[in-house]
Protein chains: 2
Amino acid sequence: MLNTKEVIIVEDRFTQQLKKGILEMLVLQLICEKPTYGYELLSRLKEQSQNRFVLKEGTLYPILYRLEDDGMISAQWQQGTGRVAPKKIYEATENGRQENVRRKRIWEEFSETVTGFLTGGDTK
Amino acid sequence: MLNTKEVIIVEDRFTQQLKKGILEMLVLQLICEKPTYGYELLSRLKEQSQNRFVLKEGTLYPILYRLEDDGMISAQWQQGTGRVAPKKIYEATENGRQENVRRKRIWEEFSETVTGFLTGGDTK
DNA sequence: CCTTAGTATTTAGCATTGCTAAGTGCTTTT
DNA sequence: AAAAGCACTTAGCAATGCTAAATACTAAGG
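Quantities reported herein were computed from a predicted structural model and do not represent experimental measurements.

Draft legend 1. Spotlight on the overall build of chain A. Scanning chain A from N- to C-terminus turns up five helices and three strands. In sequence order, chain A lays out its α and β elements as α-α-β-α-α-β-β-α. When contacts within chain A are restricted to residue pairs at least 6 apart in sequence, long-range pairs at least 24 apart make up 47% of them.

In structure tokens, the structure reads:
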């Protein structure tokens, strides 16, 4: 591509609010799958969601710090190999894995309830 | 029931955050189904969700005001019939109905994406 | 050589939304 | 007389995602 600009999709308030809680869950899920560092998470989120979860750094890193503060993940700095900048590698703790399972269960039940609510009544 | 006290389920941060945006969507949906007033919405939410969306008034009314400010619903005071306190009846506007349809679409796609994300990778 | 883009992390400050808590006023039940 | 129910209002807090910008180093292009 000559022009690397991307189409900017202005997200409305609704869609933005839907993400509350979800992003942290997805990040935890990805780290449970395999140890990773922040910048890589950005691309994994983007790709695995078909461009639906395209985060800025300012969104992701605070999530990582929260998960770390809450004991869900642990971090260690990886030495800069050769000239590659050092990365902060995160991996899930035992607590984190349990919490991840719990959240998936809650999400499943929650989303089913909501969908049932919306389709049960039918606006017409 | 002699004792009307209910078991208090302390909700964790995660579950609370999941509701962001959702409650407003559900309220709009209910009003689209038929004109209603605030207090009745509380019970409809509670029943139709099998006790999963049990709101306090302080949560619901601000939602109604927002929906009204945004032109999704319109309100009119119903005269107090006899000795019954006057109620503020809300009904959906044309904009509200369109937005409701749009939100349902967004929710459907969103929830499928999230579920796919969580089941695709499998934490093992 | 200088500029742009890419990798990688950090931080400040704002907007939105749900929550608790409390208050008003009237009616019905105990 | 007190408690509980109906019905609406408001103040203030907590949590999370967003924008924007800064730092620092490497690689590529004109």
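Draft legend 2. Molecular detail of the interface of chain A and chain B. With 40 residues of chain A at the interface, the matching set in chain B holds 40 residues. Carbon and sulfur atoms supply 68% of the area that chain A and chain B bury against each other, a total of about 3900 Å² over both sides. Scanning the region where chain A abuts chain B turns up six salt bridges. As a salt-bridge pair, B:R13 and A:D70 come within 3.0 Å of each other at their nearest N and O atoms. For the interface between chain A and chain B, the tally reads twelve residue pairs in polar contact (both at pLDDT 80 or more). Elements with a minimum of two residues in the side of chain A that touches chain B: α1 (13-18), α2 (22-33), α3 (38-48) and α5 (94-121) of chain A. For the side of chain A that touches chain B, the element with the most residues is α5(A), which contributes 16 residues. Of the residues that constitute the side of chain A that touches chain B, the class distribution is 15 nonpolar, twelve polar and 13 charged.

Draft legend 3. Structural detail: the packing of helix α3 (residues 38-48) of chain B against helix α4 (residues 57-69) of chain B. Residues and elements named next belong to chain B. Where α3 meets α4, the axes come as close as 10 Å, and the angle between the chain directions of the two elements is 115°. Crossing hand, α3 versus α4: right-handed. Contact residues: α3 offers G38, Y39, L41, L42 and L45, while α4 offers E57, L60, Y61 and L64. In the contact of α3 with α4, the residues fall into seven nonpolar, one polar and one charged.

Draft legend 4. Geometry of the relation of the copies chain A and chain B. The two copies are related by a screw motion: chain A maps onto chain B through a turn of 180° and a shift of 0.0 Å along the axis, at an RMSD of 0.0 Å. The transformation just described matches what one would write down for a two-fold rotation axis. In this assembly, 100% of the residues forming the interface of chain A have copies in chain B that are likewise at the interface, indicating an isologous arrangement.

Draft legend 5. Local environment of the packing of aromatic side chains. Under the criterion given, the structure shown has five aromatic pairs over all chains. Judged by centre distance (5.9 Å) and plane angle (55°), the ring pair of A:W107 and B:W107 falls under tilted. On the criterion of chain membership, the pair formed by A:W107 in helix α5 and B:W107 in helix α5 (residues 94-121) is interchain, its members lying in two chains. Overall, B:W107 belongs to the buried group, its relative accessible area being 3%. The residue whose ring lies beneath A:K87 is A:Y37, and the NZ or CZ to ring-centre distance is 4.8 Å.

Draft legend 6. Quick look at the protein's contact with DNA strand D. Around DNA strand D, the structure places 30 residues, and the nearest of them are A:R66, B:Y61, B:Y65, B:K87 and B:K88. In DNA strand D, atoms within 4 Å of the protein come 75% from sugar and phosphate. Within the side chain of B:Q17, a nitrogen or oxygen atom sits 3.4 Å from a sugar or linking oxygen of DNA strand D. B:Y37 is positioned with one of its side-chain polar atoms (N or O) 3.0 Å from a phosphate oxygen of DNA strand D. Of all the secondary-structure elements, those providing two or more residues to the surface near DNA strand D are α2 and α4 (57-69) of chain A together with α1 (13-18), α3, α4 and β3 (87-92) of chain B.

Rules used in this analysis
Residues numbered from 1 in each chain as written. Chains lettered and ligands numbered in written order. Predicted model: local features only at pLDDT ≥ 70, side-chain atom pairs only at ≥ 80, totals over all residues. Heavy atoms only, no water. Helix = DSSP H or I, 4+ residues; strand = E, 2+ residues; numbered from the N terminus. Contact = heavy atoms within 4.5 Å. Buried area = accessible area lost by both parts, 1.4 Å probe. Salt bridge = Lys/Arg side-chain N within 4 Å of Asp/Glu carboxyl O. Polar contact = N/O pair within 3.5 Å; in protein donor to acceptor, adjacent residues only side chain to side chain. Nonpolar A, V, L, I, M, F, W, Y, C, P; charged D, E, K, R; others polar. Axes fitted to C-alpha atoms, helices over the stretch in contact; angles between N-to-C directions. Left-handed = near helix turned anticlockwise from the far one by under 90°. Least-squares fit on C-alpha atoms with pLDDT ≥ 70 in both. Phe/Tyr/Trp six-rings, centres within 6.5 Å; stacked < 30°, edge-to-face > 60°. Buried < 20%, exposed > 50% of the residue type's maximum accessible area, 1.4 Å probe, protein only. Lys NZ or Arg CZ within 6 Å of the ring centre and 35° of its normal. Near = heavy atom within 4 Å.

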